[in-house]
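Here are the chains, one letter per residue:
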Amino acid sequence: MFYASLFFSLNVNGAEADSIKVENLLKDALSLPTDSCRTLHFARQLVGTPYVAGTLDTSLEEQLVVHLDKVDCTTFVETVLALAIADKQTHRNYQAFKDALASIRYRNGELDGYASRLHYFSDWIKDNERKGLIKEYTSNLPNIRKRLLSLDFMTTHVQSYPQLKDNSSMVEAMKKVEIAWQGVEIAYLPKEYLNLSSDELPIKNGDILAITTNIKGLDVVHVGFACWMGGKLHLLHASSNAMKVILDELPLYDYSKNKKAHTGVRAISFVQ
């Protein structure tokens, strides 16, 4: 269940074109059958949207950034979820979308500076599960493995993050976030099992797939939505290779098998 946050003083970075597009997408969704997969529907509507990295970090002042004309892999997933949540509200409008987006993106749904943003996807999953918006079911998949997290990538690569560079207090704030995840066990489905059929692998269309990694200090390197085609699992995602949102023509197994940094996936459903 979605609980709208109190954003009466929220500083929002978004264009009028974004508000118009959101309203149109929500209006068009009114004609969908009640049993439609909302996440997959809205994800498909954004196919072709340009991929642009770092859209949330153009200002040192943390603000709710709204872009439907450019996304990265995480903001794509967040935008789709916010549309699906707004679609369930009594007032299905741009304000409902912004409230949903802020609730998804920030710890406890409260924008309180850079460190309140859910940067690590494990943190993102846990916080949005607590809000009742999503549910991770990786542990229910066959053939899973487990690993202990040791998150510290951001604070060991501060030069890559404008908000951390030359800002020791913000680095300390992020270290507190990372420390909370030291030694936490997570489950993942190894990538060699992504070639299983839909009968063997209980992942549903429109579920979020988070690609896990062996990169030191990180948990997840990419996210998108599951889409079954011809009995093979594919990823609908904001692709840095294609430089736009695509339904990948390669099955996810083939997409990941030769990427040494990819170890598998975590599976998360949207609470309808």
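By convention here, each chain's residues receive numbers from 1 onward along its written sequence. Only residues with pLDDT of at least 70 are given local features in this predicted model, and only at 80 or more are side-chain atom pairs given and counted; all residues enter the totals for whole chains, interfaces and linings. Water and hydrogen atoms play no part in the side-chain values, which are based on all heavy atoms of the structure.

### As for the packing of aromatic side chains
Counted only if it meets this: In this analysis, rings of Phe, Tyr and Trp, with Trp reduced to its six-membered ring, are considered paired at centre separations within 6.5 Å, and the interplanar angle assigns stacked below 30 degrees, edge-to-face beyond 60, and tilted for intermediate values. Secondary structure follows DSSP: runs of H or I at least 4 residues long count as helices, runs of E at least 2 residues long count as strands, and numbering of each begins at the N terminus. Categorising residues by exposure relies on relative accessible area from a 1.4 Å probe, with only protein chains included: less than 20% of the type maximum marks a residue as buried, more than 50% marks it as exposed, and the intermediate range marks it as partly exposed.
With the rule as written, the count across this model stands at 3 aromatic pairs. Ring geometry for Tyr94 and Phe97: centres 6.2 Å apart, planes at 15°, overall stacked. Of the two residues, Tyr94 and Phe97 both sit in helix 4 (residues 94-105), 3 residues apart, roughly one turn of that helix. The exposure class of Tyr94 is buried, given its relative accessible area of 12%.

### Considerations on the packing of helix 3 (residues 73-86) against helix 4
Just so we agree on the cut-off: Fitted lines through C-alpha atoms serve as axes, helices being fitted only where they are in contact, and the angles separating the N-to-C directions of these axes extend from 0 to 180 degrees. Should an angle fall under 35 degrees it is called roughly parallel, over 145 degrees roughly antiparallel, and 65 to 115 degrees roughly perpendicular, with every other angle called oblique. Helix crossings fall into two classes, left-handed where the near helix is turned counterclockwise from the far one by less than a right angle and right-handed where it is turned clockwise. The criterion used for residue contact is that any of the two residues' heavy atoms lie within 4.5 Å.
Across the interface, helix 3 lies against helix 4 with an axial gap of 8 Å and an inter-helix angle of 130°. Comparing their axes, helix 4 and helix 3 come out oblique. Helix 3 and helix 4 meet at a crossing whose hand is right-handed. Of helix 4, the residues touching helix 3 (which contributes Thr75, Glu78, Thr79, Leu81, Ala82, Leu83, Ile85 and Ala86) are Ala96, Phe97, Ala100, Leu101, Ile104 and Arg105.

### Quick notes on the environment of Tyr161
Of note, Tyr161 is situated in the loop between helix 6 (153-156) and helix 7 (168-179). Of the residues examined, Tyr161 reaches a relative accessible area of 18% and is grouped as buried. Sequence-wise, Tyr161 and Asp57 are 104 residues apart; in three dimensions their C-alpha atoms are separated by 8.4 Å. What Tyr161 contacts, discounting residues up to four positions off in sequence, is Tyr114, Phe153 and Met154.

### Looking at the nonpolar core
Spelled out, the test is: In plain words, nonpolar cores are sets of buried Ala, Val, Leu, Ile, Met, Phe, Trp, Tyr and Cys residues tied together by side-chain atoms within 4.5 Å.
Phe76, Phe97, Phe121 and Trp124 are the most contacted members of the largest nonpolar core, which has 49 residues in total. Ranked by residue count, the leading element in this core is helix 3, at 10 residues. Ignoring sequence-local partners within four residues, the contact set of Phe76 consists of Ala43, Leu46, Val71, Phe225, Leu236, His237, Ala238 and Val245.

### Points about unusual backbone geometry
With a phi close to 60°, Asp166 is a non-glycine residue in the positive phi region. Of note, Asp166 is situated in the loop between helix 6 and helix 7. Looking at Asp166, the relative accessible area reads 75%, which means it is exposed.

### Side note on helix 2 (residues 38-45)
Buried residues dominate helix 2, accounting for 6 of its 8 residues. Of all the residues in helix 2, the buried ones are Arg38, Thr39, Leu40, His41, Phe42 and Ala43. Structurally, helix 2 contributes buried residues whose contacts are with helix 1 (16-28), helix 3, strand 7 (220-229), strand 8 (232-239) and strand 10 (262-270).

### Looking at the pairing of strand 6 (residues 208-213)
Under the convention used in this document: Being paired, for any two strands, means DSSP has found at least two bridges between them.
A large share of strand 6 lies buried, amounting to 6 of its 6 residues. Residues Ile208, Ala210 and Thr212 line one face of strand 6 and the alternating positions Leu209, Ile211 and Thr213 line the opposite face, and both faces are buried. With 5 bridges connecting them, strand 6 and strand 7 associate as antiparallel partners. For Ile211, the partnering residue across the bridge sits in strand 7 and is His222. Count of turn residues in the strand 6/strand 7 antiparallel hairpin: 6 residues, of which Gly217 carries a positive phi of about 85°. Direction of pairing for strand 6 relative to strand 10: antiparallel, over a ladder of 6 bridges. Within strand 10, the position partnered with Leu209 by the bridge is Ala267.

### Things to note about the pattern of salt bridges
To keep things clear, this is the line we draw: Think of a salt bridge as a Lys or Arg side-chain nitrogen and an Asp or Glu carboxyl oxygen that are within 4 Å of each other.
Evaluated as defined, the whole model comprises 14 salt bridges. Ionic pairing is found between Asp87 and Arg38, a salt bridge with its closest N-O pair at 2.8 Å. With Asp87 in the loop between helix 3 and helix 4 and Arg38 in helix 2, this pair connects stretches of sequence that are 49 residues apart. On the accessibility criterion, Asp87 (11% relative accessible area) is buried. Residue class for Arg38 comes out buried when judged on its relative accessible area of 13%. Put simply, Lys257 and Asp254 hold a salt bridge, and the shortest N to O gap is 3.3 Å. Remark: Asp254 and Lys257 occur in helix 8 (residues 252-257); sequence separation between them is 3 residues, near one turn of the helix. Taking relative accessible area as the criterion, Lys257 reaches 39% and is therefore assigned partly exposed.

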